[in-house]
Structure formats: C-alpha cells, structure tokens
Amino acid sequence: MQHFRSSLTLVFCLLSLLAIAQPTPREPVLLIQEQGKKTQYQPRPGQKGILDINGTLSVQPNKEAVFAEARRLYPQLFQDSELRSREARINKALRNHQIILGLMQQKVQGLDVQKKLVQQANQFLQDILSDPQLVADYEAINEAYYAQYRNDPNAPDPYLYAFDEFNKQLQVVKTDIQRILQKSKLKFSVVAYIRDKNGGRRVHVENFDRMEQGEFAPVERWVTSVSPEEMQKLQSYRDLAKGLNENADSVLQAYKQKVLDAYPSLTCIPKLRQELQASKQTLGPDMKTVVNTFDETETSKLISYGANLRKEIQATPASDVKKFIQVIDSMIALYNGAAMRLESSVGDTLQSNVHLQNVVSCLRQSAADARKLNLFIQRIPAEYLKKAYLASDEISDLVDTFGLDNIPDEGTIQLEYTGSRERNDILDVRAYLRMPQDSGQFSNNQIDQQLYRLTLTGFHSTSKVGLILANAYNEAPPPNTARFRFAPAGTLLLKYGSRRSNFYNNFLDPGLGIITASGDMDLDGRPEFMAGVSATLFRDILSAGWTWNFGTDQPTIFVGVHLPFNLPGVPINPVNSYGPNP
C-alpha cells in the first residue's frame, strides 16, 4: 500500500511538472464575431468553429495581442524605451558639463574659480553614482584614461576625458534610436479566403483591403424544389467551371490581349517636347531655364515610358495580373508626378501659357487613362484569375497595411457577397506582421490564422430525390414477390444546423419532412401516388417513414438508403401478370 501511494505521488508530481512546463497559449490576434439582427455570436476558433454560410462577420484585431506578437518576433524594434532611458540618464550626468568647461577655461586664464569647480565636479560625480550603469561606465572610462595617460605629462584633464567619452556614448545611443525608428515601419494586415474543393478565392474584408465585393450569392435557406431549368443551368456552370480550370491559360491570354487593346494611345505624349519649345516663346529668361530643366530631365523618360510599358505588358505572362497592375501603377505615378512638378516649378505662369497648360493636361489625362486600364485589369472575372490568385498565398497589393498605432478597430466580411459557396467550405482569416525590405517588398510573418466551417445554421429546408423501399403492410403481397417494393421519391426536409457541433452537422445531420413517391405497389404497371412523412439520418443516407397510397387507399411504411454513389444492377419492379390484388 505504501509503495502504491509513493508511486501515485510520483506520478502526480510528474504530471504537475508537465503542466507547469506547458507554454502559455498565445492570445488570438483576431476576434471573429457573427453579427445577428439583435445579438452577436462568438464562434470557437479553429476547425471546430462554425459560422452561418450567409452571415455578416465582424473582424476585430486584438491590438494588445498584435503588440505582444510584434515584441516576440521583432524584439530589436522595441528597445527604444530602454535606449531613451539611457539617453536621459547620460544627459542628466552631462547637464553641467558646459559649466565645468567654462570654469576650467577661467581657471586657465588665472581666475580663482576653484570652489565653484569643485562643487560642479561633485555634482557630476553624484549624478554618476546615482546610476549603477553609469558607475560601471565611469569606472571603465577611468581605467582607460589611466592606462593611456598614467605617465603622460600632457594628459588631458580626467573630467574633460570623461565628458568626451560620455558624449561619444550619447551619440551612439542617439544613432541606435534613429536606426530603430527607421526600422520601426512594421505593418499589420488582414487577409481572408474561402477554401473549397476547387481551391479557393480571396474575400473582401471591409476596412482592411481595397478589393471589390464578390458576386452576390446568398445560399437559399428555404428550398422547395429544384427545377429542370436550374438543374440544366447547374450542369452548364459545372461544365463552364471545368473548362475554365482546364483552359485558364488560354482564357487569361485572351484577356491579356484585351488589356493591350485597351492600352491608352497616349497620342499627346510624343508632342510634349514640341509644346515645351512653343511655351518658351513668351517666357522670360528665368522661366525658360525652368522649362529647359524640366525638358532635359523629364521629357525623354515620359515619352519612352509609355511605349516601353506596352512592350513590358506584352512580355509579361498572362497569369501575372499583379505585374500588370504594378506597371500601370508606376505609369500613373510617373505622369501625375511630372505634372505636379511642372505646375509647382512654373507657378502662376501656367495660367497665362496655353502650351504649358497643354503639357499638364496631357500628363493628367494620360494618368487618368492608365487608371481606367488598371480598373479594367482588376475586374477580370474572378474565375479566370483563380489559378493566378491561388498559385501562392502572397499578399495582394490591394491588401492595406497599417502601422501598429493606427490599426482599424473593426473590419467586416459579408459572406453573401463572396460568390458561390457550399456547406463545409472553409473561411480562412489570417493576420500578418509585415516588414518593408530594401527592395520595396514586404517580408510577411503570419501571426494568426482562424479557420471556420460554413453551414446553414438554425432551421432550413432542403430537397432530396432517390429510391425508397415501401411496404404496404396491410396488404398481402402478390405470389412470389418481395414485401418491399422500389419507388422513386422526392422529399422536402426540415433541418437544423448547429453552431456548436460539427459531429451533428456533418455526421448525424437529421431531417424531418414531407415525402412524395410514385410506386407500383400492386404491380399492375400503373404507378400510384404516395405521400407522407419522412425522417432521415446520417446526412440523409438513411431514411424511414410512413406514406398513404392514394392509388390503393392503403398505408405504407418505407426505408431508404441514399448512397453517395450509384450501384449497378438496382432491381426494377416487374409487372404482376396476376393482375391487381383483390
């Protein structure tokens, strides 16, 4: 017994140590809430989290958690408080060094300032002694001084030497602070995706990106039937999607040609030099110099840029939509920047010189045409761009970046505006810390990822078609026939989607509803109309219920097995040669 207690104590201690050794889980960076008409729903994060497939979601960054992750991943960027404290302490120690230097100068000139000098030196030492770190630095400075000047008759005053060394330290600290401030351009971004069996697509997060809303496609909650037209349309969409996926390259190539066809002609750009030369006919010497400088530094670049950019687009792979947007953005920036610089340099002269006005107008109009082209590129149908977007998880230029001090309080995702969705699609929301690089790009560090399954929560309806096995239990079956007969049936089911349990939604998934069937229970070759109630389980694979056969005025019970695949050799009810039952 004693041995058992000892063993139990040892196991308890080991478990306690293991519990203590477990790292504290980091706090989620993103808080996802579903916005109801009157209430908010907070799902569990992770694969077990469930959201309504038509929901409107609030995305709220936890700013304290963002800062905590930033300090963990980039500790070097958060040393400025320590450095600023050290800067203040050194400044305090050196606050009277100008006074001491002045008194020493007066002493050299033969003035009696010894008492004041001693007082100021004592104050300097008191400031040093009040800070352990400065004491250590002062001792190191003294050691270095005596090691270098111990027997040197021309040694500098030790106070002056100490002041000089502390000033050097102060400059180092200030340089470190500036370095940190330059690197403290850490940015925060939020991106979201819908992940489905075909891959996925980007989703607009209001306040966190400049992407357009997707197609408005609410998932119907109350389904009553599926029309033949809708079935045919669905098949057409399936064929279209398959064709788009298989022929994405050729489709994108066709859109690339449309981009080139829409490329602005920029007919006024080649005339810029001619307009500038004409503008100088009425200008004074100083303003002519300004125009000549603009002509020499800007015009050749402006004229060649449009033509070269068109060639660059021609050479860019059709799937690289991001590259198209980048090069057009650079063109917009170049022309707008040149117009702004010319307006600024010529000032009021612009109002009286029509040729300068033509130059500015040309540059502004060219930038506006380029902006229209950029919008055209961004609106290429999402299906065509799916492969390009999903080739990697690289963050789009349309995703906004925010400094850690100006992160928006909240973003919004409207799932109804994310295109076609199906039950069990995944909403993937991620948070990134982004550090700008010398190349102008960002290095991205993912600090949070939350995955939620989408389903129709609460009560909703769905329709099913399939085969049932019906039994007219009040009738005797015809000779040599089975008691259960096959009958095609359609069912309208009422279901309830759970917000808490994926096991319930994806495994049990019960339903209760109305069934209609067309069975030939008496085997006379004439189908009878049957209607009743049905209950289903295991995602409608199993069903059972009761119907009334309006052809024979008899009740039936039935069972059904709706497998998610077709079985060959399903028997078809034979026609009874004996005629109808009595």
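Treat the numbers as computed from the prediction; the structure is a model and nothing was measured.

A. Geometry of the side chain of H204. Relative to the helices and strands, H204 is located in the loop between β6 (199–203) and α8 (228–246). Residue classification places H204 among the buried positions, given a relative accessible area of 10%. A distance of 2.8 Å separates polar atoms of two side chains, one belonging to H204 and the other to E206. Side-chain polar atoms of H204 contact the backbone oxygen of M211, separated by 3.0 Å. Contacts of H204, omitting those with residues within four sequence positions, involve D209, M211, E212, Q213, T412 and I413.

B. Structural context of the pattern of salt bridges. By the definition in use, this model includes 14 salt bridges. In this structure, R72 engages E69 in a salt bridge whose closest nitrogen and oxygen atoms are separated by 2.8 Å. One end of the pair, R72, and the other, E69, are both in helix α2 (residues 63–73), three residues apart, so they sit about a helical turn from each other. Classification of R72 as partly exposed rests on a relative accessible area of 42%. With its nearest N and O atoms 2.9 Å apart, the salt bridge here joins E343 to R364. Remark: R364 occurs in helix α14 (residues 354–378) and E343 occurs in helix α12 (residues 321–346); sequence separation between them is 21 residues. Taking relative accessible area as the criterion, R364 reaches 32% and is therefore assigned partly exposed. In the salt-bridge network here, residues are joined through shared partners; they are R423, K495, D509 and D540.

C. Region of the structure containing the sheet that holds strand β12 (residues 484–497). Taken in spatial order, the six strands of this closed barrel run β11-β12-β13-β14-β15-β16, and their pairing is antiparallel. On average, adjacent strands in this sheet sit at an angle of 30° to one another, irrespective of strand direction. Here β12 runs beside strand β13 (residues 511–519); their pairing, made up of seven bridges, is antiparallel. Looking at the pairing, L493 lines up with G513 of β13.

D. Up close: the environment of K185. Assignment of secondary structure puts K185 in the loop between α7 (158–183) and β5 (187–196). For the pair formed by K185 and L404, sequence separation is 219 residues and the distance between their alpha carbons is 8.7 Å. Sequence-distant contacts of K185, defined by excluding residues within four places in its chain, comprise R434 and P436.

E. Focus on the side chain of D52. By secondary structure assignment, the location of D52 is in strand β3 (residues 49–52). Overall, D52 belongs to the buried group, its relative accessible area being 4%. For D52, the side chain forms a polar contact with the main-chain nitrogen of N54, separated by 2.9 Å. Dropping the residues within four chain positions of it, D52 is found in contact with E34, R221, L415, T455, L456, T457 and R499.

F. View of α2. For α2, the set of buried residues is A65, V66, E69 and A70. Taken end-on, α2 shows its buried residues confined to a sector of 140°, consistent with a single buried face. Buried residues along α2 sit against β5, β9 (426–436) and β10 (442–455). Its side-chain oxygen at 3.2 Å from the backbone nitrogen of E64, N62 defines the N-terminal cap of α2.

G. A look at the sheet that holds strand β1 (residues 30–35). Here four strands make up an open sheet; going across it, the order is β2-β1-β4-β8 and the pairing antiparallel. Looking at the sheet topology across the chains shown, the edges are occupied by β2 (40–41) and β8 (411–414). Two elements, β1 and strand β4 (residues 56–61), share five bridges in a ladder whose sense is antiparallel. Within β4, the position partnered with L30 by the bridge is P61.

H. Just a nonpolar patch on the surface, in detail. On the surface, W222, F459, L494 and Y496 cluster together to form a nonpolar patch covering roughly 450 Å² of accessible area. Mapped onto the elements, Y496 comes out in strand β12. Taking the relative accessible area as the measure of exposure, Y496 reaches 39% and is therefore partly exposed.

I. Representation of the pairing of strand β16 (residues 554–561) within the structure. Here strand β11 (residues 458–471) pairs with β16 via three bridges, running antiparallel. Following the sheet pairing, N471 is matched in β16 by I557. The pairing of strand β15 (residues 542–549) with β16 spans eight bridges and is classified as antiparallel. Each residue of the ladder has a partner; that of A544, found in β16, is V559.

What counts, and at which threshold
- Residues numbered from 1 in each chain as written.
- Predicted model: local features only at pLDDT ≥ 70, side-chain atom pairs only at ≥ 80, totals over all residues.
- Heavy atoms only, no water.
- Helix = DSSP H or I, 4+ residues; strand = E, 2+ residues; numbered from the N terminus.
- Buried < 20%, exposed > 50% of the residue type's maximum accessible area, 1.4 Å probe, protein only.
- Polar contact = N/O pair within 3.5 Å; in protein donor to acceptor, adjacent residues only side chain to side chain.
- Contact = heavy atoms within 4.5 Å.
- Salt bridge = Lys/Arg side-chain N within 4 Å of Asp/Glu carboxyl O.
- Pairing = 2+ DSSP bridges.
- Axes fitted to C-alpha atoms, helices over the stretch in contact; angles between N-to-C directions.
- Arc of directions from axis to C-beta.
- Patch = residues over 30% accessible without salt bridge, like charges linked within 9 Å, V, L, I, M, F, W, Y side chains within 5 Å.
- Areas by Shrake-Rupley, 256 points an atom, 1.4 Å probe, with all protein chains shown as cover.

All we've got here are geometric facts, nothing functional implied.
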